[in-house]
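The residues making up each chain are set out below.
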Protein chains: 2
Amino acid sequence: MRELFIIKVGGNVIDDEKDMDLFLEKFSKIPFPKILVHGGGKIATEVSERLGIEAKMVDGKRITDKDTLKIVTMVYAGLVNKTIVGKLNRLGNSSLGICGADLNLIPARKRTGTAIDYGYVGDIITSEIPVERWAGMLDKDICPVVAPITAASNGGLLNTNADTIASALAQALCKTFKVTLIYCFEKDGVLQNPKDENSVIPVITPESYMLLKSSGVISKGMIPKLDNSWEAIRNGVYKVIIGNANKINELINSNLGTRLVLK
Amino acid sequence: MRELFIIKVGGNVIDDEKDMDLFLEKFSKIPFPKILVHGGGKIATEVSERLGIEAKMVDGKRITDKDTLKIVTMVYAGLVNKTIVGKLNRLGNSSLGICGADLNLIPARKRTGTAIDYGYVGDIITSEIPVERWAGMLDKDICPVVAPITAASNGGLLNTNADTIASALAQALCKTFKVTLIYCFEKDGVLQNPKDENSVIPVITPESYMLLKSSGVISKGMIPKLDNSWEAIRNGVYKVIIGNANKINELINSNLGTRLVLK
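Quick look at the structure, then. As the structure is a prediction and not an experimental result, all values here were calculated from the model. (Residues numbered from 1 in each chain as written. Chains lettered and ligands numbered in written order. Predicted model: local features only at pLDDT ≥ 70, side-chain atom pairs only at ≥ 80, totals over all residues.)

A few points about the relation of the copies chain A and chain B
Least-squares fitting of chain A to chain B yields an RMSD of 0.0 Å, with the superposition described by an axial translation of 0.0 Å and a rotation of 180°. Taken together, the turn and the small shift mark the pair as related by a two-fold rotation axis. Across chain A, the smallest distance between a C-alpha and the rotation axis is recorded for glycine 78 of chain A, namely 1.8 Å. Comparing interface residues between copies, 100% of those in chain A also sit at the interface in chain B, which points to an isologous, same-surface contact. (Least-squares fit on C-alpha atoms with pLDDT ≥ 70 in both. Contact = placed C-beta atoms within 7 Å.)

Written out as structure tokens, the structure is:
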């Protein structure tokens, strides 16, 4: 099977133009086939604030109301997505900027049945991802650049977690490709001590993950990312790596970062 | 040769959700292959105003500075584009939202050498449009939905006139398809008397165009649209029609609207 790299870039990397340029230069050297999934960084929050739209929070959870949906669609699928595409094309990577709504490439449904109404938030229907369409693009050495917006079957757009999109794509495509899923951001990996950049945990197993969670080493923000990772591995994804966006080539070619293994 | 419809929708249609929904429902019934090119309506101006960014005008011409470029990229390639895509997919049309930067589908260069510096504005390099890529999508019955943003060879994004994009695509694709180019908006066609909606001019030839211009019947805003149309016809486009977005099917199937013919 052909190897496929699915790379999610997020965190502060997207907010800093220089960091992002450096990352894209390194990303452009990763062999095809590959998929880039991006978040939106703090730009959406900034635009909201400048427009005078307050972030709606319920029980500490962000709610996507109609105005917020418009802003994330503008920022993620418009500004961030097309800026990346322009730069990757210049770097010689044929890139196609999409969101999940395009060709219904990432089918989703509005989240319901939760205690909190999250608003216009999408849950991915992984089993309905059109694998042949994805494989068709990847076989042509087209690099899809994916913004975290999806659409429900009624055509309405939905704000969708970028980590989950990367994991769902990895799971859908791992019957056709040998998939390595990489979550990269501004840190070198999962840290034993959040204040010590040199304390990267090189390998996490399901057993050590339990211990790291119960001892509080793995913090709130990292848990959904790791849960997405385990789900991917349990469903046949070859490898999951968490590490620094600016060391993306080393994450692939050497043993930098944090690797998740089943045993 | 297979018939291809390239339809540009603009004007007030985009600003009114109900008008747009009605248009998309009618558009979805046009046979494949087809391409939809959209402008951004007044949404970009509204967002600019709410963000406190003033429209920069020089000699009555709008200038695209860095902030304006960000806004039009957000609004055109993000909000307007993906909203249309979600709705068309629901209507059973497999739609792919793109801008000219994606896969470099509409190569452009920054406008230079003009008396006024227009800022980040793109002029299309029609001869470099990758016809095979477009034909590949159209042959799969994918409907491209095109936002009027392009990229220069340095990867930088550029604001680009949607009427010109539609005309350039028509010219590039008319060796492979029999192309009908339709400009549709909120009026029934080119009007003899702007105050009389029933005064549609059914046919314009190059000769009558000269007379209509010199007599002042054809007004400022319509001239670039008609110049784009003539260029398309002179370069092999089969037909150009100008008419009402809400009568799009009748524009194709009967003789409504204004038709441009060489003689």
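Re the environment of asparagine 249 of chain B
All names here are of chain B. Inspection of the secondary structure assignment puts asparagine 249 in helix α8 (residues 248-253). Given 13 C-beta atoms within a 10 Å radius, asparagine 249 is considered partly exposed. In this structure, the C-alpha to C-alpha distance between asparagine 249 and lysine 29, residues 220 residues apart in sequence, is 7.9 Å. In contact with asparagine 249, not counting residues within four places along its chain, are Lys26 and Lys29. (Helix = DSSP H or I, 4+ residues; strand = E, 2+ residues; numbered from the N terminus. Buried ≥ 20, exposed ≤ 12 C-beta atoms within 10 Å, placed from the backbone.)

Focus: the sheet that holds strand β12 (residues 203-204) of chain A
Residue and element names in this part refer to chain A. Spatially, β5-β8-β2-β1-β11-β13-β14-β12 is the arrangement adopted by the eight strands of the open sheet, whose pairing is mixed. Pairing within the sheet leaves two strands with one partner each, and these edge strands are β5 (95-99) and β12. Here five bridges tie β5 to strand β8 (residues 143-147), and the two strands are oriented parallel to one another. Counterpart to cysteine 99 in the pairing with β8 is alanine 147. Sheet contacts for helix α3 (residues 66-90): β2 (34-38), β5 and β8; angle to β8, the most-contacted strand, approximately 160°. (Pairing = 2+ DSSP bridges. Axes fitted to C-alpha atoms, helices over the stretch in contact; angles between N-to-C directions.)

As for the interface of chain A and chain B
Each side of the interface is counted separately: chain A has 31 residues, and chain B has 31 residues. If you list the elements that add at least two residues to the side of chain A that touches chain B, you get α3, β5 and β9 (149-151) of chain A. At 14 residues, the largest contribution of residues to the side of chain A that touches chain B is made by α3 of chain A.

What to know about the nonpolar core
In terms of nonpolar packing, the biggest core is built from 166 residues, with Ile6, Val75, Leu169 and Ala170 of chain A together with Ile6, Val75 and Ala170 of chain B touching the most fellow members. Filtering out sequence-adjacent residues up to four positions away, isoleucine 6 of chain A remains in contact with Ile35, Val37, Ala166, Leu169, Ala170, Val179 and Leu181 of chain A. (Core = buried A, V, L, I, M, F, W, Y, C linked by C-beta atoms within 7 Å.)

Some points on the pairing of strand β2 (residues 34-38) of chain B
Residue and element names in this part refer to chain B. By the criterion of burial, β2 is predominantly enclosed, with five of the five residues buried. Residue alternation in β2 divides its side chains into two sets, Lys34, Leu36 and His38 and Ile35 and Val37, and both sets are buried. In this structure, strand β1 (residues 3-9) lies alongside β2, joined through five bridges in parallel fashion. When the sheet's bridge partners are listed, lysine 8 is paired in β2 with valine 37. For the crossover that starts at β1, traverses helix α1 (residues 17-27) and ends in the parallel β2, the hand is right-handed. With two bridges connecting them, β2 and strand β8 (residues 143-147) associate as parallel partners. Opposite leucine 36, over in β8, you have valine 145 as the bridge partner. (Right-handed = clockwise from strand over helix to strand, strands pointing away.)

Observations concerning the sheet that holds strand β11 (residues 178-185) of chain B
Residues and elements named next belong to chain B. Spatially, eight strands are ordered β5-β8-β2-β1-β11-β13-β14-β12 in an open sheet, and the strand pairing comes out mixed. Strands at the two margins of the open sheet, each flanked by one partner only, are β5 (95-99) and β12 (203-204). On the sheet, helix α3 (residues 66-90) packs against β2, β5 and β8 and is oriented at approximately 160° with respect to β8.

Details of the environment of glycine 156 of chain A
Within the fold, glycine 156 of chain A resides in the loop between β9 and β10 (157-159). Along the sequence, glycine 156 of chain A and alanine 168 of chain A sit 12 residues apart, while their C-alpha atoms lie 20 Å from each other. For glycine 156 of chain A, the residues in contact, after removing those within four places along its chain, are Ala151 of chain A together with Gly86 of chain B.

Quick word on helix α2 (residues 43-50) of chain A
Residues and elements named next belong to chain A. Every buried residue belonging to α2 is among Ile43, Ala44 and Val47, and all of these are buried. For α2, the buried positions fall inside an angular range of 100° around the axis, keeping them on one side. Check the buried side of α2 and you find it contacts α3. Just downstream of α2 lies glycine 52, where phi reads positive at about 75°. (Arc of directions from axis to C-beta.)

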